[in-house]
Amino acid sequence: MPSLRQRVLAASRTLTLTLAAMLLLINLAAILYGVFMRYLAGGAPIWTDELARFLIIATVMLAAGGVWVEGGHMRVALIERLLPRGLARVLNFYQWLLTLALAVGGAWFSYRYALSVGMFTTSGLGISRTVPLMSLPLGFALLAWHALWYGPAPLPTIAEEVA
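Everything numeric here is computed off the predicted structure, so don't read it as measured data. (Residues numbered from 1 in each chain as written. Predicted model: local features only at pLDDT ≥ 70, side-chain atom pairs only at ≥ 80, totals over all residues. Heavy atoms only, no water.)

K.L.:
Whenever I open this one, the nonpolar core confuses me. Can you help?
P.N.:
Core analysis: the largest hydrophobic core is formed by eleven residues, namely L9, W68, V69, W96, L100, A103, L143, A144, A147, Y150 and L155. When residues of this core are traced back to their parent elements, those giving at least two are α2 (47-69), α4 (85-116) and α6 (135-150). With four residues, the single largest contributor to this core is α6. Those residues in contact with W68 that lie beyond four places of it in its chain are H73, W96, T99, L143, H146, A147, Y150 and L155. Core analysis: the second largest hydrophobic core is formed by seven residues, A20, L23, A58 and A63 among them. (Core = buried A, V, L, I, M, F, W, Y, C linked by side-chain atoms within 4.5 Å. Buried < 20%, exposed > 50% of the residue type's maximum accessible area, 1.4 Å probe, protein only. Helix = DSSP H or I, 4+ residues; strand = E, 2+ residues; numbered from the N terminus. Contact = heavy atoms within 4.5 Å.)

K.L.:
Explanation requested: the environment of V104 in the structure shown.
P.N.:
Looking at where V104 falls in the secondary structure, it is placed in helix α4. Taking C-alpha positions, V104 is 6.7 Å from F140, a pair spaced 36 residues apart along the chain.

K.L.:
Would you explain the packing of helix α1 (residues 4-39) against α6 in this entry?
P.N.:
Between α1 and α6, the shortest axis-to-axis distance is 9 Å and the interhelical angle comes to 155°. In terms of axis orientation, α1 runs roughly antiparallel to α6. Where α1 crosses over α6, the handedness of that crossing is left-handed. Contact with α1, carried on its side by L4, R5, V8, L9, S12, R13 and T16, involves L142, W145, H146, W149 and Y150 of α6 and no other residues of that element. (Axes fitted to C-alpha atoms, helices over the stretch in contact; angles between N-to-C directions. Parallel < 35°, antiparallel > 145°, perpendicular 65-115°, else oblique. Left-handed = near helix turned anticlockwise from the far one by under 90°.)

K.L.:
For this particular structure, what's the right way to read the side chain of E50?
P.N.:
Position of E50 among the secondary structure elements: in helix α2. Within the buried core, E50 has no salt-bridge partner, and the shortest N-O distance to an opposite charge, that of R53, equals 4.6 Å. At 3.2 Å, the side chain of E50 forms a polar contact with the side chain of S123. A distance of 2.7 Å separates the side chain of E50 from the backbone nitrogen of L125, its partner in a polar contact. (Lys, Arg positive; Asp, Glu negative; His and termini not counted. Salt bridge = Lys/Arg side-chain N within 4 Å of Asp/Glu carboxyl O. Polar contact = N/O pair within 3.5 Å; in protein donor to acceptor, adjacent residues only side chain to side chain.)

K.L.:
I'm lost on a nonpolar patch on the surface in this one. Help?
P.N.:
There is a patch of nonpolar side chains on the surface, built from I31, V35, F36, Y39 and L40 and spanning about 550 Å² of accessible area. Residue placement: Y39 occurs in helix α1. A relative accessible area of 62% places Y39 in the exposed class. (Patch = residues over 30% accessible without salt bridge, like charges linked within 9 Å, V, L, I, M, F, W, Y side chains within 5 Å. Areas by Shrake-Rupley, 256 points an atom, 1.4 Å probe, with all protein chains shown as cover.)

K.L.:
Looking at this model, I keep getting lost on the packing of α2 against α6. Mind explaining?
P.N.:
When two helices pack together, their arrangement is captured by the angle between the axes and the distance separating the axes. Two numbers describe how α2 lies on α6: the axes approach to 8 Å, and their chain directions differ by 5°. Looking at the two axes, α2 sits roughly parallel to α6. Contact with α2, carried on its side by I57, A58, M61, L62, A64, G65, G66, W68 and V69, involves S135, L136, L138, G139, F140, L142, L143, H146, A147 and Y150 of α6 and no other residues of that element. The class makeup of the residues in the contact of α2 with α6 is 14 nonpolar, five polar and no charged. (Nonpolar A, V, L, I, M, F, W, Y, C, P; charged D, E, K, R; others polar.)

K.L.:
For this particular structure, what's the right way to read the packing of aromatic side chains?
P.N.:
In this description, an aromatic ring pair is defined by two values, namely the gap between the centres and the angle between the planes. The full count for this structure, using the stated rule, is four aromatic pairs. With centroids separated by 5.6 Å and ring planes inclined at 75°, the aromatic side chains of W68 and Y150 adopt a geometry described as edge-to-face. Taken as a pair, W68 in helix α2 and Y150 in helix α6 lie far apart in primary sequence, 82 residues in all. The same class applies to W68 as to Y150, namely buried. (Phe/Tyr/Trp six-rings, centres within 6.5 Å; stacked < 30°, edge-to-face > 60°.)

K.L.:
Even after reading the chapter, I still don't get the UniProt feature "transmembrane region" (unreviewed entry) in the protein, so can you show me in this structure?
P.N.:
The positions UniProt marks with the feature "transmembrane region" (unreviewed entry) are residues 15-39, 51-69, 90-111 and 131-150. Helix makes up 100% of residues 90-111 and strand 0%, whereas the separation of the span's terminal C-alpha atoms amounts to 31 Å. When the span residues 131-150 is considered, its composition is 95% helix and 0% strand, and the gap between its end C-alpha atoms is 29 Å. (UniProt positions renumbered as here; feature names shortened; annotations may be inferred.)

In structure tokens:
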């Protein structure tokens, strides 16, 4: 039976990756609508480009934590494999602590920034800039959430999954 930690990580990862996939589909629809309007109908509304830009950033930020947990992000784990077991554990703890600190710091600073630009509106959508920028602190907070639940254990690598 999976532990509470494994169940929380699995549910959280599934939820965030599903939301990111839905945002990616909405982004695809917005881009296709813009292409259709530009090349077949004679002129695309300006909001399609802006919406696509905001959606791709939100997609990446929402998926970051789930991808980090499964080891699907780009990283080189050569040093971890070459070090003795004790030093590898210290390196894993350092990497985990650094990830957690950067994610919490990113969430804090991006939240403050998103609130500071609330008086400005976007050029195409005409909404407060705070709305699309809130995907940054949310994504960083989700990365911190996933890292906290995962703990300082070594992350899986592609080579481990293939073998």
